[in-house]
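Given next are the chains, with one letter for each unit.
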Amino acid sequence: MVRTDWTREEVAQIYNKPLIDLVFEAGRIHRENFNGNEVQMSTLLSIKTGGCPEDCAYCPQAARYNTGVKGTPLLNEEEILMSALAAKANGSSRFCMGAAWREVKDNRHFDQVVSLVKTITDMDMEVCCTLGMLNEHQAQRLKEAGLYAYNHNLDTSPEYYEHIITTRTYDDRLKTLENVRNAGISVCCGGIVGMGEQETDRIGLLQTLATLPRHPESVPINALVSVKGTPLGEQEKLPFWDMLRCIATARIIMPRSMVRLSAGRAEMSLSEQFLCFLAGANSIFAGEKLLTTPNPEFNSDKAMFELFGLKNMPAFASCEKEQVEA
Ligand code: SF4
């Protein structure tokens, strides 16, 4: 049963179960709702890097931090299409384009993104964008171009949010999610753990996601990759077991969503990734970079899939589509 009325106490109870029971329960629910042998490979390309006016404390692309990330203009169409073709050839069924913008502006850059969405959708890939805040009209334009999903993360709990970002509010984020949802685009929304938050904040983030009017069809769970020069550059790494609890809890309270093992995977051992898949993660990002931070390469992921007996999930195979169209 898909519930959107979880209380914090209920989510805390699940999160704090004995770890072995938590992972077992999540794995059971995963297999009730998905083929447990299938994992979706997605590719995320930064189509416009750096120079962002926002102050997200974790982000090397914020212009105000000295992180060595070189700002680039929007990549040209050909480069982006080549990258989408390579992603497809390497087994990715989802292609996500990320731009370091505060919000989408109605200009020629957005026109270019809209046209790319159409072209890549015609290649039979799920196309996702993450372009910052979006109004209703812009969401509608992307939908008409065939956009499958839009990513906009809540990042952390409502209570901890002001420690991470001050240049836009939690409500701004919720408004963008509403615009995306109302346009009939699949919602990709998750957060980042290991930013110095308390366990109650991780529970708060998960409960907020699971009590949106509809669950996001895709829930990326990121572990902070701390980058020197950002306010979180010296942040101590979150123990893996807390990340595992987040993944398992997300799977239990949002049983039909894709749970994406996202940033931070490069720092995980194979055994740790194995546990994440057992606990219900069913998507990863492929490719050597995740926006600007390191990620495992295609070949090592292929070897990992073989070792674990996993198969690539084809495009449009998850139950996301049914949910969007329901
Ligand atoms: S996370 Fe996105 S909005 Fe925040 S600073 Fe980075 S690029 Fe800008």
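Above this text is the structure in question.
Let us look at the structure shown here.

Reading the values: the criteria
Residues numbered from 1 in each chain as written. Predicted model: local features only at pLDDT ≥ 70, side-chain atom pairs only at ≥ 80, totals over all residues. Helix = DSSP H or I, 4+ residues; strand = E, 2+ residues; numbered from the N terminus. Rg over C-alpha atoms; globule rule 2.2 N^0.38 Å. Buried ≥ 20, exposed ≤ 12 C-beta atoms within 10 Å, placed from the backbone. Contact = placed C-beta atoms within 7 Å. Core = buried A, V, L, I, M, F, W, Y, C linked by C-beta atoms within 7 Å. Near = placed C-beta within 6 Å. Nonpolar A, V, L, I, M, F, W, Y, C, P; charged D, E, K, R; others polar. Pairing = 2+ DSSP bridges. Right-handed = clockwise from strand over helix to strand, strands pointing away. Axes fitted to C-alpha atoms, helices over the stretch in contact; angles between N-to-C directions. Parallel < 35°, antiparallel > 145°, perpendicular 65-115°, else oblique. Left-handed = near helix turned anticlockwise from the far one by under 90°. Expected span 1.5 Å × (residues − 1).

What follows concerns the overall build of the chain. Helix and strand content of the chain: 11 helices and 12 strands. Over its C-alpha atoms the chain spans a radius of gyration of 18 Å, differing by no more than 12% from the 20 Å that the globule rule assigns to 326 residues. Taken along the three principal axes of its C-alpha coordinates, the chain extends 50 × 40 × 35 Å. A buried classification covers 48% of the 326 residues belonging to the chain. Counting only contacts in the chain whose residues sit at least 6 apart along the sequence, the fraction spanning at least 24 positions is 79%.

What follows concerns the nonpolar core. Core analysis: the biggest nonpolar cluster contains 92 residues, and Cys129, Tyr150 and Ile247 have the highest contact counts within it. Among the elements that make up this core, the one with the highest residue count is helix α8 (residues 240-253) (8 residues).

Here we take up the site of the ligand. Close to the ligand lie Cys52, Glu54, Cys56, Cys59, Gln61, Ala62, Ala100 and Gly132. Here the residues of the shell around the ligand sort into 5 nonpolar, 2 polar and 1 charged.

With that out of the way, let us pick up the pairing of strand β7 (residues 218-223). A regular strand places its side chains so that they alternate between the two faces of the sheet. Within β7, 6 of the 6 residues are buried, which leaves it mostly tucked inside the rest of the structure. Two strands pair when backbone bridges link them, and strand β6 (residues 191-193) and β7 are joined in this way by 3 bridges, in the parallel orientation. Residue pairing in the sheet places Gly191 in a bridge with Ile221 of β7. Of the crossover connections in this fold, the one passing from β6 over helix α7 (residues 199-210) to the parallel β7 is right-handed. Sheet analysis places β7 next to strand β8 (residues 258-261), joined by 4 bridges and oriented parallel. Paired with Ser218 across the two strands is Met258, which belongs to β8. For the crossover that starts at β7, traverses α8 and ends in the parallel β8, the hand is right-handed.

As a further point, take the packing of helix α1 (residues 8-15) against α8. Here α1 crosses α8 at 125°, and the two axes come no closer than 9 Å. Here α1 is positioned oblique relative to α8, judged by the angle of their axes. In terms of crossing hand, the pair formed by α1 and α8 is right-handed. Where α1 abuts α8, its residues Val11, Ile14 and Tyr15 lie against Arg245, Thr249, Ile252 and Ile253. Tallied by class, residues from the contact of α1 with α8 come to 5 nonpolar, 1 polar and 1 charged.

Moving on: α7. For α7, spanning 12 residues, the distance from its first C-alpha to its last is 17 Å, which sits close to the expected 16 Å at 1.5 Å a residue. Burial within α7 is extensive, with 10 of its 12 residues counted as buried. Of the positions making up α7, those classed as buried are Asp201, Arg202, Ile203, Gly204, Leu205, Leu206, Gln207, Thr208, Leu209 and Ala210.

In this section: the environment of Leu212. For Leu212, the position within the fold is in the loop between α7 and β7. Look at Leu212 and you get partly exposed, because 17 C-beta atoms sit within 10 Å. It is 29 Å that separates the C-alpha atoms of Leu212 and Ile47, two residues lying 165 residues apart in sequence. Those residues in contact with Leu212, other than ones at most four positions away along the chain, are Thr4 and Leu177.

The backbone of Asp124 sits at a positive phi, close to 65°, despite the residue not being glycine. Checked against the element boundaries, Asp124 lands in the loop between α4 (108-121) and β3 (126-130). Not every positive phi belongs to a glycine, and Asp155 is a case in point at roughly 70°. Its location among the elements puts Asp155 in the loop between β4 (149-151) and α6 (170-182). Under the C-beta neighbour-count criterion, Asp155 is labelled buried, with 24 such atoms within 10 Å.

By secondary structure assignment, the location of Asp201 is in helix α7. Taking the C-alpha atoms as reference, Asp201 lies 26 Å from Pro294; in sequence the two are 93 residues apart. Filtering out sequence-adjacent residues up to four positions away, Asp201 remains in contact with Thr156, Ser157, Glu159 and Tyr160.

This next bit is on the packing of helix α2 (residues 19-33) against α8. The interhelical angle for the contact between α2 and α8, taken along N-to-C directions, is 40°, at an axis separation of 8 Å. Considered as vectors, α2 and α8 are oriented oblique to each other. The crossing of α2 and α8 is left-handed. Residues Leu19, Leu22, Val23, Glu25, Ala26, Ile29 and His30 of α2 touch α8, and the partners they reach there are Trp241, Leu244, Arg245, Ala248, Arg251 and Ile252. Considered class by class, the residues forming the contact of α2 with α8 number 9 nonpolar, 1 polar and 3 charged.

This paragraph deals with the environment of Leu19. Along the chain, Leu19 falls in helix α2. It is 17 Å that separates the C-alpha atoms of Leu19 and Leu206, two residues lying 187 residues apart in sequence. Ignoring any residue separated from it by four or fewer positions in sequence, one finds Leu19 in contact with Trp241 and Arg245.

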